[in-house]
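Here is how the chains run, residue by residue.
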Amino acid sequence: MDIELLVNLTSRAWSLKILALLQGGVPGRQAPLIAASKASRTAFAASLDHLFRLGLLERNPGYGHPLRPEFRLTERGSIAAVLAGRVEEIVPDDNSFALVRRSWTVPILAVTAAPTRFSTIRDGLAPITDRALSQSLVTLEKQNWIRREIDVSQRVPFPTYRAVNAGHLINRAVGVDAPSVD
């Protein structure tokens with residue numbers, strides 16, 4: 001998957017969950033999807049609208065009541081839904097999936113297959129801010145999905161970050177090529 005699409009996709013909290021549910025066979029109507037995702041109506045509606053704008057969802061033409069439309073995945077959405085389903089298999093419990101719902105979690109994990117410098121991560125995930133990246137890295141390190149190591153092979157030592165454990169599995173499931181250490 002393209003890193004830009006991944007960043008856009010994960011910018012709404014429930015986007016990955018909605019795609020995973022549709023991929024898993026939950027009917028493409030609002031009520032079943034809200035019940036299965038356990039999202040608030042407002043957050044769910046914002047994520048659903050976001051998926052429409054990205055071209056990953058469309059209304060099912062000719063089906064259902066106009067006030068209770070059915071949604072279906074587009075061709076591009078089907079590819080993203082497979083990815084979302086793989087991520088959900090890795091992190092099936094709601095507590096850990098709450099971390100996946102955060103905007104920068106999956107993109108950061110996607111670009112840290114190998115030890116990667118802070119500046120390389122930041123440059124690869126524009127428009128992320130230094131603060132957002134720093135806070136996300138700390139959270140992922142506490143969850144033990146990212147390992148911070150100090151590279152002392154150069155004259156000036158510097159930290160690198162690498163996806164580990166469930167973070168590494170998410171990295172592999174997403175399949176984005178990672179930048180390497182400068």
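Note that the structure is a prediction, hence the values are computed from the model and not measured. (Residues numbered from 1 in each chain as written. Predicted model: local features only at pLDDT ≥ 70, side-chain atom pairs only at ≥ 80, totals over all residues. Heavy atoms only, no water.)

Here the focus is the confidence of the model for the chain. Residues of the chain with pLDDT of at least 70 account for 92%, and the chain-wide mean is 88. Here residues 178–182 is a poorly scored stretch, pLDDT under 50, and it has 17 contacts once near neighbours within four places are set aside; other chains count. (pLDDT = per-residue confidence, 0-100. Contact = heavy atoms within 4.5 Å.)

With 13 residues, helix H9 (residues 130–142) should cover 18 Å at 1.5 Å per step; its first-to-last C-alpha distance of 18 Å lies within 8% of that length. Those residues of H9 that sit buried are Ala 132, Leu 133, Ser 136, Leu 137 and Leu 140. Looking straight down H9, one finds its buried side chains confined to an arc of 130°; they lie on one side. Those residues of H9 that are exposed and angled more than 90 degrees off the buried face are Arg 131 and Lys 142. The inward-facing, buried residues of H9 contact helix H6 (94–100), helix H7 (105–110), helix H8 (118–124), strand E4 (146–151) and strand E5 (158–163). Two residues or fewer after H9 comes Asn 144, characterised by a positive phi angle close to 65°. (Helix = DSSP H or I, 4+ residues; strand = E, 2+ residues; numbered from the N terminus. Expected span 1.5 Å × (residues − 1). Buried < 20%, exposed > 50% of the residue type's maximum accessible area, 1.4 Å probe, protein only. Arc of directions from axis to C-beta.)

What follows concerns the packing of aromatic side chains. All chains considered together, the criterion is met by one aromatic pair. Here the aromatic rings of Phe 52 and Phe 71 are separated by 5.4 Å at their centres, their planes lie at 75°, and the arrangement is edge-to-face. One end of the pair, Phe 52, is in helix H4 (residues 41–53); the other, Phe 71, is in strand E2 (residues 68–73), with 19 residues separating them in the sequence. Arg 101 extends its terminal NZ or CZ atom over the ring of Trp 14, reaching a point 4.1 Å from the ring centre. Geometry around Phe 158 places Arg 117 over its ring, the cationic atom sitting 3.8 Å from the centre. (Phe/Tyr/Trp six-rings, centres within 6.5 Å; stacked < 30°, edge-to-face > 60°. Lys NZ or Arg CZ within 6 Å of the ring centre and 35° of its normal.)

On to the packing of helix H2 (residues 15–23) against H4, then. Here H2 crosses H4 at 75°, and the two axes come no closer than 9 Å. Comparing their axes, H4 and H2 come out roughly perpendicular. Between H2, through Ser 15, Ile 18 and Leu 19, and H4, the contact on the second element is made entirely by Phe 44, Ser 47, Leu 48, His 50 and Leu 51. Tallied by class, the residues present in the contact of H2 with H4 amount to five nonpolar, three polar and no charged. (Axes fitted to C-alpha atoms, helices over the stretch in contact; angles between N-to-C directions. Parallel < 35°, antiparallel > 145°, perpendicular 65-115°, else oblique. Nonpolar A, V, L, I, M, F, W, Y, C, P; charged D, E, K, R; others polar.)

All right, on to the side chain of Thr 105 then. Within the element layout of this structure, Thr 105 appears in helix H7. Of the polar contacts made by the side chain of Thr 105, one reaches the backbone oxygen of Leu 99; its length is 2.8 Å. Not counting chain neighbours up to four residues away, the residues in contact with Thr 105 comprise Leu 99, Val 100, Leu 140 and Trp 145. (Polar contact = N/O pair within 3.5 Å; in protein donor to acceptor, adjacent residues only side chain to side chain.)

Counting through the fold element by element, Leu 22 comes out in helix H2. The exposure class assigned to Leu 22 is buried, which follows from its relative accessible area of 13%. When the C-alpha positions of Leu 22 and Arg 72 are compared, they lie 7.8 Å apart, and in sequence the two are 50 residues distant. With residues up to four places along the chain from it excluded, the contact list for Leu 22 reads Pro 27, Gly 28, Leu 33, Leu 57 and Leu 73.

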